[in-house]
Amino acid sequence: MTTATPPTPQNAGARVSLAFKPQLVTRVVIWLIALYAIYAATQLGFSWERFSSGLGNGAKFLGRMFPPDLSKGDILWGGIKETLQIAVLASLFGILLSLPIGLMGARNLMPAWISWPARALVSVCRSLHPVIVAILFVKAVGFGALAGVLALIVASIGFIGKLFAEAIEEISIKQVEAIRATGASFMNVILFGVLPQVMSRFVGFSTYQLDSNLRNSTMVGIVGAGGVGGVLFSAFQRFDYDFVLTILVTIITIIVVGELLANSVKKVFNV
């Protein structure tokens, strides 16, 4: 009985080449990035001594946070209620304003003299962090929730306006031309030719922005723009770390609940 020998490939003795062989330029760029990262770490004062001492300080800080203080529920609830109001109002007005701005920024539907200014406005809204914008509005309208709402409206326009304009630019133009061929007005073209193609994505953008505004509304309060961030900052200033833990756990709970609600909305609209 003879055993069959496995076939030998013709290029068995050939040198095996990598499927994605890194080129010389790629290697040089990688090494330059690594060297610059090491250089930046030395310039910023990073050291193992600071890291090890920070671990000990962090352990002491966490030890002072337990057990959480549950005796200031009225103060906490006041900040949480204001945070929710800021997030909902900013999301509502930001979404309503982003819809026409994103539509005007779509270059496949609008002429350049409309699309470029709209995109410039979106770029300006995206250029600054919400906390910086909140500082500007605090200087303009004073401390309180109004500054937080205005800051998050700007952030919402920057995010949703950009994504909505890009989503419109990816639609099938054939459906738009078919609606136009019936003699429909411009608004009917938008309602029946454009929005049906991007509505599911717009709902997804909006739910994400609501979740983002819930998180950002806790930050803008630190600079005096209302919400639970102000309560958190005051607790840090008083070294009231057990109450800080209560606030942080509450914020995390709100974000988790908001994420669950956003997923439920997406399921309703099949996003």
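The rules behind each value
By convention here, each chain's residues receive numbers from 1 onward along its written sequence. In keeping with the predicted nature of the model, local features appear solely for residues at pLDDT of at least 70, side-chain atom pairs appear and are counted solely at 80 or more, and the whole-chain, interface and lining totals rest on all residues. Heavy atoms from the whole structure form the basis of all side-chain values; hydrogens and water molecules are not counted. UniProt positions are given in the numbering used here, feature names are shortened, and annotations may be inferred rather than shown by experiment. Note on method: axes are straight lines fitted to C-alpha atoms, helices fitted across the in-contact stretch only, with angles between N-to-C directions ranging 0 to 180 degrees. Segments assigned H or I by DSSP are reported as helices when at least four residues long, segments assigned E as strands when at least two residues long, and all are numbered from the N terminus. Comment on the angle field: the value is read as roughly parallel under 35 degrees, roughly antiparallel over 145, roughly perpendicular from 65 to 115, and oblique elsewhere. Two helices that cross are described as forming a left-handed crossing if the nearer one is turned anticlockwise from the farther one by less than a right angle, and a right-handed crossing if clockwise. Contacts are residue-level and defined by heavy atoms, with any inter-residue pair within 4.5 Å sufficient. Side-chain classes follow a simple rule in which Ala, Val, Leu, Ile, Met, Phe, Trp, Tyr, Cys and Pro form the nonpolar group, Asp, Glu, Lys and Arg form the charged group, and the remainder, Gly included, forms the polar group. Multiplying one less than the number of residues by 1.5 Å gives the expected span of a helix. Patch building starts from residues that exceed 30% relative accessible area and form no salt bridge, then joins like charges within 9 Å and nonpolar side chains (Val, Leu, Ile, Met, Phe, Trp, Tyr) within 5 Å. For the accessible areas, the method is Shrake-Rupley and the probe is 1.4 Å, while residue cover comes only from the protein chains on display. Any Lys or Arg side-chain nitrogen located within 4 Å of an Asp or Glu carboxyl oxygen qualifies as a salt bridge. Burial classes: relative accessible area under 20% of the type maximum marks a residue as buried, over 50% as exposed, and values in between as partly exposed (1.4 Å probe, protein chains only).

In the nomenclature of an unreviewed UniProt entry, the protein corresponds to Phosphate ABC transporter permease from the organism Herbaspirillum frisingense GSF30. Per its UniProt entry, the protein bears the Sequence similarities (unreviewed entry) comment "Belongs to the binding-protein-dependent transport system permease family."

On to the packing of helix 5 (residues 130–141) against helix 6 (residues 145–169), then. One way to put it is that helix 5 packs onto helix 6 with a least axis distance of 8 Å and a crossing angle of 135°. The orientation of helix 5 relative to helix 6 falls into the category oblique. The two elements helix 5 and helix 6 meet at a crossing, and its hand is right-handed. Residues Pro130, Val133, Ala134, Phe137, Val138 and Val141 of helix 5 form the contact with helix 6, whose own contacting residues are Leu146, Ala147, Leu150, Ala151, Leu152, Val154 and Ala155. Looking at the contact of helix 5 with helix 6, its residues break down into 13 nonpolar, no polar and no charged.

Moving on: helix 5. For helix 5, spanning 12 residues, the distance from its first C-alpha to its last is 16 Å, which sits close to the expected 16 Å at 1.5 Å a residue. Positive backbone phi, approximately 95°, marks Gly142, located one or two places after helix 5.

To continue, consider a nonpolar patch on the surface. Taken together, the side chains of Leu24, Val28, Trp31, Leu32, Leu35 and Ile38 define a hydrophobic patch exposed on the protein surface, amounting to about 690 Å² of accessible area. Mapped onto the elements of the fold, Ile38 is located in helix 1 (residues 24–43). Its relative accessible area of 55% is what places Ile38 among the exposed residues.

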